[in-house]
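The primary structure of each chain is shown beneath.
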Amino acid sequence: MPQATIIPIGTIIPIDHLEPIDGWGGAVHSATYVFRPSTLAQLKDAFALAGSADKTVTLRGAGRSYGDAALGRENITIELIRMNRILAWDPVEGIITCEPGVTIEQLWRYVIEDGYWPPVVSGTMYPTLGGVLGMNIHGKNNFKAGPIGDHVLSFDLLAASGEEIHVDRERDPELFYSIIGSFGMFGCFTRITMKMKKVYSGDLDIKVLMAENLHELFQLYEKQIPESDYLVGWIDMFATGKAAGRAIVHRANYLPAGLDPMPAQTLRAQHQDLPDTILGFFPKSIVWLFMRPFTNSFGAKWVNYAKFWSSKINPKKQMRQAHAAFAFLLDYVPNWKKSYGKGGLIQYQSFIPKEKAEQVYRDQLVLCQREKLVPLLAVFKRHRPDKFLMTHAVDGFSLALDFKVTRTNRERLWKLTEKLNQLVLDSGGRFYMAKDATLTREAFHKYLGEETITKFLALKKRFDPEGILESELSNRLLTDTPSQ
């Protein structure tokens, strides 16, 4: 194995590595020295350089976290996108081994023609496996499949201390369930082995359902969960009165063996490709420009209204859709986030136990409307608990709210999230580090509890005794450093 280069103490980092980087939502920013290793030896060199230059390190995958989880300020950022090799694939057992820079897109393209699909995916196909394990992402099937970590068999980690460890789910359960979801605070994944989901078609059966209000939405989910593989809802946060919380819900199910008459065709990667145009001729690369006039409260209110009523009168309530078309809605319009303007957006996602979720989300809806800071998009999902130390999951529901950030509303918006936090904490709810941009140290400690925080910090001391690994997120949540 190639040896890491010995770097002398007092090394000055070349200025040409200094780059501006953003949180994916575009609402938080920093400048940092970026290194993109392609081998384990180069990864070790980057850590050694940080030590010799007296800098800390932030780990970054594809930079798809909405907030500041992958941002470092004037330190060294190690971006893993070049460590993107698939190392082994067993198409009989569906077990794959990858480097951390492999993206969800690479993963599904590699396995689809052998009849497999990633068991858990985000709403975009571009995050890296290292990043999604660092955050332990969930998908629209969390109530059935759990988070991505539940499908990992083992991984190798380069700890910040320089220690290289192999962690197996069966042999090392405590480390396994503590390191996955630790948002890059212990070390860098270097090798990941996981189990893919066997599928017998490249298509899903989709059913479109409607809920006239929030209460009906919860009733609908209760009825649909047992017979669904995926379930996701979009709530109109502008609706009031008897229509408050009305929603469109999409249910998706895998096709059993033998139902697809042409599986060899639907399982081709080309069948999954998202179209480049709208209506067959209009290039999607510029669609965000036409979205911008509607990316505000007035425009979004009428878009929500039109979407709800067009879905209500549309007779096409059932259809077949490719896995990628259903899963990766955020990739349909390239650069759609530009429609939010220079201030970008933040996504506020809370997870509430099922017994209290309906009331909490009703209170959130009312609060946002009263403060005149109504989210332009609201996505509703069902969840199940898991065994991971830094889990965001509950036996309940989540609501993800997209807020447009402007120069004039930024301060009010951050204050609104504090009020939303209190509703979540009072209900025993949780938060999600991949989406967060506003959580305070106090709320972080309250939702996880001091026992969990103490265990987390003890592990960080073990794997990162010098405190090399940090991010704007960890500074905000562990040291209460402002990050606005």
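The structure this text deals with has already been given above.
Let me begin by describing the structure that accompanies this report. (Residues numbered from 1 in each chain as written. Predicted model: local features only at pLDDT ≥ 70, side-chain atom pairs only at ≥ 80, totals over all residues. Heavy atoms only, no water.)

To continue, consider the overall build of the protein chain. Counting its regular elements, the protein chain contains 16 helices and 21 strands. Its C-alpha atoms give the protein chain a radius of gyration of 22 Å, within 12% of the compact-globule value 23 Å for 484 residues. In the protein chain, of all internal contacts separated by at least 6 residues, the share reaching a separation of at least 24 is 72%. Total accessible area on the protein chain stands at roughly 20,800 Å², and carbon and sulfur atoms take up 55% of it. Taken together, the 58 basic and 53 acidic charged side chains of the protein chain have centroids lying 7 Å from each other. (Helix = DSSP H or I, 4+ residues; strand = E, 2+ residues; numbered from the N terminus. Rg over C-alpha atoms; globule rule 2.2 N^0.38 Å. Contact = heavy atoms within 4.5 Å. Areas by Shrake-Rupley, 256 points an atom, 1.4 Å probe, with all protein chains shown as cover. Lys, Arg positive; Asp, Glu negative; His and termini not counted. Charge placed at Lys NZ, Arg CZ, Asp CG, Glu CD.)

Even without being glycine, aspartate 54 reaches a positive phi, approximately 55°. For aspartate 54, the location among the structural elements is in the loop between α1 (40-52) and β3 (57-60). Residue aspartate 54 is classed as exposed on the basis of its relative accessible area, which comes to 71%. (Buried < 20%, exposed > 50% of the residue type's maximum accessible area, 1.4 Å probe, protein only.)

This paragraph deals with the nonpolar core. Of all hydrophobic cores here, the largest spans 131 residues; its most connected members are Phe155, Ile179, Tyr361, Met433 and Phe444. With residues up to four places along the chain from it excluded, the contact list for phenylalanine 155 reads Ile165, His166, Val167, Phe176, Ile179, Ile180, Phe189, Arg191 and Ile192. Ala53, Ile78, Cys188 and Ile468 belong to the second-largest nonpolar core, a separate cluster that totals 21 residues. (Core = buried A, V, L, I, M, F, W, Y, C linked by side-chain atoms within 4.5 Å.)

This brings us to the pairing of strand β8 (residues 152-159). Across the eight residues of β8, six count as buried, placing the element largely inside the fold. Where β8 and strand β10 (residues 187-195) come together, seven bridges link them in antiparallel fashion. Bridge assignment links phenylalanine 155 to a residue of β10, and that residue is isoleucine 192. Two elements, β8 and strand β9 (residues 164-168), share five bridges in a ladder whose sense is antiparallel. Its bridge partner lying in β9, leucine 158 is registered against glutamate 164. The loop that links β8 with its antiparallel partner β9 comprises four residues; one of these, glycine 162, has a positive phi angle of about 100°. (Pairing = 2+ DSSP bridges.)

The complete set of buried residues in helix α6 (residues 214-224) reads Leu214, Leu217, Phe218, Leu220, Tyr221 and Gln224. The buried residues of α6 all sit within an arc of 160° when viewed along its axis, so they share a single face. For α6, exposure combined with an orientation more than 90 degrees from the buried face picks out Glu222 and Lys223. Check the buried side of α6 and you find it contacts β12 (203-211), β13 (230-235), β14 (247-254), α12 (357-370), β19 (377-383) and β20 (396-404). Where α6 begins, the capping side chain belongs to asparagine 213, and its oxygen is found 3.3 Å from the backbone nitrogen of histidine 215. (Arc of directions from axis to C-beta. Polar contact = N/O pair within 3.5 Å; in protein donor to acceptor, adjacent residues only side chain to side chain.)

Every α-helix carries 3.6 residues per turn, so stepping three or four residues along brings you back to the same face. Counted at 1.5 Å a residue, the expected span for α1 with its 13 residues is 18 Å, and the 18 Å between its end C-alpha atoms agrees. Listing the buried residues of α1 in full gives Leu40, Ala41, Leu43, Lys44, Asp45, Ala46, Phe47, Leu49, Ala50 and Ser52. The inward-facing, buried residues of α1 abut β2 (29-35), β3, β4 (76-79), β8, β9 and β10. Positive phi shows up at aspartate 54, right after α1, with a value of about 55°. (Expected span 1.5 Å × (residues − 1).)

So, on to empty space enclosed by the protein. Think of a ball as big as a water molecule: rolled over the atoms, this probe shows where empty space is left. For the coordinates displayed, the defined rule picks out three cavities of 30 Å³ or more. A volume near 60 Å³ is recorded for the largest cavity. Contributing to the lining of the largest cavity are Ile346, Gln347, Tyr348, Gln349, Phe431, Tyr432, Lys435, Asp436, Ala437 and Thr438. Partitioning the lining of the largest cavity into residue classes produces five nonpolar, three polar and two charged. (1 Å grid on protein atoms, 1.4 Å probe; cavity = no way out; pocket = protein on both sides within 12 Å on 5 of 7 lines; lining within 4 Å. Points joined across faces, edges and corners; volume = space filled by probe spheres on them. Nonpolar A, V, L, I, M, F, W, Y, C, P; charged D, E, K, R; others polar.)

With that out of the way, let us pick up the layout of surface pockets. If you add up the space inside the second largest pocket, you get close to 290 Å³. Considering the residues around the second largest pocket, the lining is formed by 16 residues, among which Asp22, Gly23, Trp24, Gly26 and Lys337 are closest to the centre. Residue classes in the lining of the second largest pocket are distributed as two nonpolar, seven polar and seven charged.

Now for the packing of α6 against α12. Put simply, α6 and α12 touch, their axes get as near as 10 Å, and they point 145° apart. Read as a crossing pair, α6 and α12 show a hand that is right-handed. Taking contact as the criterion, the partners of Leu214, His215 and Phe218 in α6 are, on α12, Ala357, Glu358, Tyr361 and Arg362. Class assignment of the residues belonging to the contact of α6 with α12 gives a composition of four nonpolar, one polar and two charged. (Axes fitted to C-alpha atoms, helices over the stretch in contact; angles between N-to-C directions. Left-handed = near helix turned anticlockwise from the far one by under 90°.)

A word on the sheet that holds β9. Strand order across the open sheet formed by five strands is β5-β6-β10-β8-β9, with antiparallel pairing between neighbours. In this open sheet, the two edge strands, each paired with only one partner strand, are β5 (86-90) and β9. Across the sheet, the mean angle from the axis of one strand to that of its neighbour is 15°, orientation sign disregarded. On the sheet, α1 packs against β8, β9 and β10 and is oriented at approximately 45° with respect to β8.

This next bit is on a nonpolar patch on the surface. A surface patch of nonpolar side chains, about 490 Å² in accessible area, is lined by Phe298, Trp302, Tyr305 and Trp309. As for its position among the elements, tryptophan 302 is in helix α10 (residues 297-313). Overall, tryptophan 302 belongs to the partly exposed group, its relative accessible area being 45%. (Patch = residues over 30% accessible without salt bridge, like charges linked within 9 Å, V, L, I, M, F, W, Y side chains within 5 Å. Salt bridge = Lys/Arg side-chain N within 4 Å of Asp/Glu carboxyl O.)

The topology assignment puts glutamine 359 in helix α12. Under the relative-accessibility criterion, glutamine 359 is labelled partly exposed at 46%. For the pair glutamine 359 and serine 427, spaced 68 residues apart in sequence, the C-alpha to C-alpha distance is 9.6 Å. At a separation of 2.9 Å, a polar atom in the side chain of glutamine 359 contacts the side chain of aspartate 363.

Honestly, it's all geometry; don't read function into it.
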